[in-house]
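Listed below are the residues making up each chain.
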Amino acid sequence: MTANHRNWQQLGDLLTQRTQELGVTSEQLYHAGLPSRTYVTSLLSGRARLKFMYVKTLAEMLEIDEAELFWTALEGAVEAEDIPYLRPFLQRLQISQRGFL
């Protein structure tokens, strides 16, 4: 399986930017429920994928839309070559879900 490293790097950049904007430290992320300081560092530097179980915590801490962050995490969990097929499906699904709210 070819990891989607591009997604990881982009997400790391986004998370780093938000932590800086809000003044949130990596230590605070760790204490908010992320599994280890190493994981936090790897996530912020774009060397780890965002696991679904941490989306809610990060979304709340960094004031990011939880659904958007989840979609990004989902893209990071699949093979890079599948993204062109996955992204349109997720967009259609997201639009249809909004219709039910």
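The sections below set out a description of the structure shown in this document. Computed from a predicted model, the values in this text were never measured in an experiment.

**Some points on the pattern of salt bridges**
The full count for this structure, using the stated rule, is five salt bridges. Across the pair glutamate 63 and arginine 18 runs a salt bridge whose closest N-O atoms are separated by 3.9 Å. In this pair, glutamate 63 sits in the loop between helix 4 (55-62) and helix 5 (66-76) while arginine 18 sits in helix 1 (residues 5-22), placing the two residues 45 residues apart along the sequence. Residue classification places glutamate 63 among the exposed residues on the basis of a relative accessible area of 58%. According to the relative accessible area criterion, arginine 18 is buried, its value standing at 18%. Put simply, glutamate 60 and lysine 56 hold a salt bridge, and the shortest N to O gap is 3.5 Å. Of this pair, glutamate 60 and lysine 56 both sit in helix 4, four residues apart, which is roughly one turn of that helix. Residues participating in the shared-partner salt-bridge network are Arg18, Glu21 and Glu63.

**Considerations on helix 5**
When helix 5 is considered as a whole, its buried residues turn out to be Leu69, Trp71, Ala73, Glu75 and Gly76. By the N-cap criterion, in which a side-chain oxygen at the helix start approaches the backbone nitrogen of a residue two or three places on, helix 5 is capped by aspartate 65, the distance to alanine 67 being 3.2 Å.

**Examining the side chain of threonine 19**
Structurally, threonine 19 can be placed in helix 1. The buried category is assigned to threonine 19, whose relative accessible area is 8%. A distance of 2.7 Å separates the side chain of threonine 19 from the backbone oxygen of threonine 16, its partner in a polar contact.

Calculation notes
- Per chain, the residues get numbers from 1 upward, laid out in the order the sequence is written.
- This being a predicted model, a pLDDT of at least 70 is required before a residue's local features are given, and a value of 80 or more before pairs of side-chain atoms are given or counted; all residues contribute to the totals for chains, interfaces and linings.
- As a convention, hydrogens and water are excluded, and side-chain values are obtained from all of the structure's heavy atoms.
- Salt-bridge detection follows one rule: a side-chain nitrogen of Lys or Arg within 4 Å of a carboxyl oxygen of Asp or Glu.
- Elements are defined by DSSP. Helices are runs of H or I of four residues or more, strands are runs of E of two residues or more, and each kind is numbered from the N terminus.
- Think of it in three bands: residues with accessible area under 20% of the maximum for their type are buried, residues over 50% are exposed, and the middle band is partly exposed, with areas taken using a 1.4 Å probe on protein chains only.
- Two N or O atoms form a polar contact when they lie within 3.5 Å of each other; inside protein one atom must be a possible hydrogen donor and the other a possible acceptor, and for residues adjacent in sequence the pair counts only when both atoms belong to side chains.

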